[in-house]
Amino acid sequence: MAVFTEVSEKEARELLRQLPLGTFQSLRGIQGGIENTNYFLTTDQGEWVLTLFERLTAQQLPFYLHLMKHLAHAGIPVPDPQANRQTGDILLRVCGKPAAVVNRLRGSSQLAPAPVHCAAVGEMLARMHLAGRDFGRQQPNLRGLPWWNETAPVVQPYLDGALAELLQSELAFQNHIAASSAYAALPRGPVHADLFRDNVMFEGEQLTGFFDFYFAGVDTWLFDLAVCLNDWCIDHATGAHDAPRAQAMLAAYQRVRPLTGAERELLNAQLRASALRFWISRLWDFYLPREAALLTPHDPRHFERVLRQRIAHPLSLAA
Ligand SMILES: Nc1ncnc2c1ncn2[C@@H]1O[C@H](COP(=O)(O)OP(=O)(O)O)[C@@H](O)[C@H]1O
Ligand SMILES: N[C@@H](CCOP(=O)(O)O)C(=O)O
């Protein structure tokens, strides 16, 4: 769980004076998440989520917050950042840190998804990709290939020989893929880039929202789909793909936006890329942790297993 910065009731009341969200009732630190400080903030008008950004800067944040606003206005169920009543700003400041207040989504995470949940995620993901096409701002995926190249040498000294070798060889493979003409042909746009089970809300089988856009960026749509397939459609104990869930997600995605030839060709390379991305970030969080009042780091070995599975058993696409 993560509360890196303690927010007092006084500071919350002060914040609410800037926002048209009613009067303070309660503030509660949220368990879960590893990047930012999150609180549930309740007023007489409803429930909100207050996020203090711990790593992201005031230069990076407008992309995420305006993307959420853009998608919310396009009818995609995502949290809508609330604006300062006087300045209209959606990037706020709390305890000296950049901050945002968004509406609290209904529902809860579906941590044991069935094919029907994977299909709902696939369909909404494709709708979100299409809705992002006319978003005007640009910011790369900050956890993309340049960050992997920069961070792998930092974590490598902590790994034994076989693991270091896997890291190096996969990174070399991904650099090779990124230089290919098929990769250049992949459709791109704003992507979520971290749409794991814990970043989607469901009420029963109904998807009620995508949230936590703070790893979003412009990247290939296929990478975003690969992130989802590697989390929603695997057996968590082994990392192996679960065919009914994977096919449900792929079919639902493609009913909205069929994959191009280049995407079909590179699906497995991007599944490996997504496993590598989260393996590196988990190694980084594990071996170079930050201080937090409430924090449970994620297990890096999980994505090492997922990567090995993706290399050994490519996923086949139905014709
Ligand atoms: N808009 C929201 N609506 C409802 N719950 C939310 C919302 N944003 C965050 N949460 C809750 O807070 C938890 C942590 O948020 P998350 O964005 O995943 O943190 P982090 O940015 O640190 O990864 C989520 O698991 C969820 O329970
Ligand atoms: N989903 C990533 C880590 C990012 O954490 P989140 O709580 O912001 O989704 C992982 O599982 O490694």
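The rules behind these values
- Residues numbered from 1 in each chain as written.
- Chains lettered and ligands numbered in written order.
- Predicted model: local features only at pLDDT ≥ 70, side-chain atom pairs only at ≥ 80, totals over all residues.
- Helix = DSSP H or I, 4+ residues; strand = E, 2+ residues; numbered from the N terminus.
- Domains from an automatic or database assignment.
- Contact = placed C-beta atoms within 7 Å.
- Pairing = 2+ DSSP bridges.
- Axes fitted to C-alpha atoms, helices over the stretch in contact; angles between N-to-C directions.
- Expected span 1.5 Å × (residues − 1).
- Core = buried A, V, L, I, M, F, W, Y, C linked by C-beta atoms within 7 Å.
- Buried ≥ 20, exposed ≤ 12 C-beta atoms within 10 Å, placed from the backbone.
- Arc of directions from axis to C-beta.

Caption draft 1: Highlighting unusual backbone geometry. Backbone geometry at A193 places phi at a positive 75°, although glycine is not the residue there. A positive phi is found at D212, a non-glycine position, where the angle reads about 60°. Structurally, D212 is set in the loop between β8 (206-210) and β9 (217-220).

Caption draft 2: Layout of the domain arrangement of the chain. What the domain assignment lists for the chain is domain 1 (12-103) and domain 2 (115-312). Put simply, the middle of domain 1 and the middle of domain 2, counted by C-alpha atoms, are 25 Å apart. Counting residues at the interface gives 20 residues for domain 1 and 22 residues for domain 2. The leading source of residues in the side of domain 1 that touches domain 2 is helix α2 (residues 61-73), at seven residues.

Caption draft 3: Summary view of the sheet that holds strand β5 (residues 97-103). With antiparallel pairing, five strands are arranged side by side in an open sheet as β1-β2-β3-β5-β4. The open sheet is flanked by β1 (24-29) and β4 (92-94), the only strands paired with a single partner. Shown here is a sheet whose adjacent strand axes are inclined to one another by a mean of 35°, direction ignored. Each of β1, β2 (37-43) and β4 touches helix α1 (residues 9-18); the most contacted strand, β1, lies at about 125° to it.

Caption draft 4: Expanded view of helix α10 (residues 300-312). Spanning 13 residues, α10 covers 19 Å between terminal C-alpha atoms, matching the ideal 18 Å at 1.5 Å per step. In the core, the buried residues of α10 are packed alongside α5 (161-178), α7 (221-232) and α9 (261-287).

Caption draft 5: Seen up close, the nonpolar core. Membership of the largest hydrophobic core comes to 82 residues, with the highest contact counts inside it found for Y64, V121, L125, C228, L229 and M249. Built from parts of two domains, this core gets at least three residues from each of domain 1 (12-103) and domain 2 (115-312). Residues in contact with V121, not counting those within four places in the same chain, are V200, L207, C228, W232 and M249.

Caption draft 6: Representation of helix α4 (residues 145-155). W148, A152 and V155 are the residues of α4 that are buried. Taken around the axis of α4, the buried residues stretch over an arc of 75°, which confines them to a single face. Exposed side of α4, more than 90 degrees from the buried face: P146, E150 and P153 are the residues found there. Looking at the buried positions of α4, the neighbouring elements they touch are α5 and α9.

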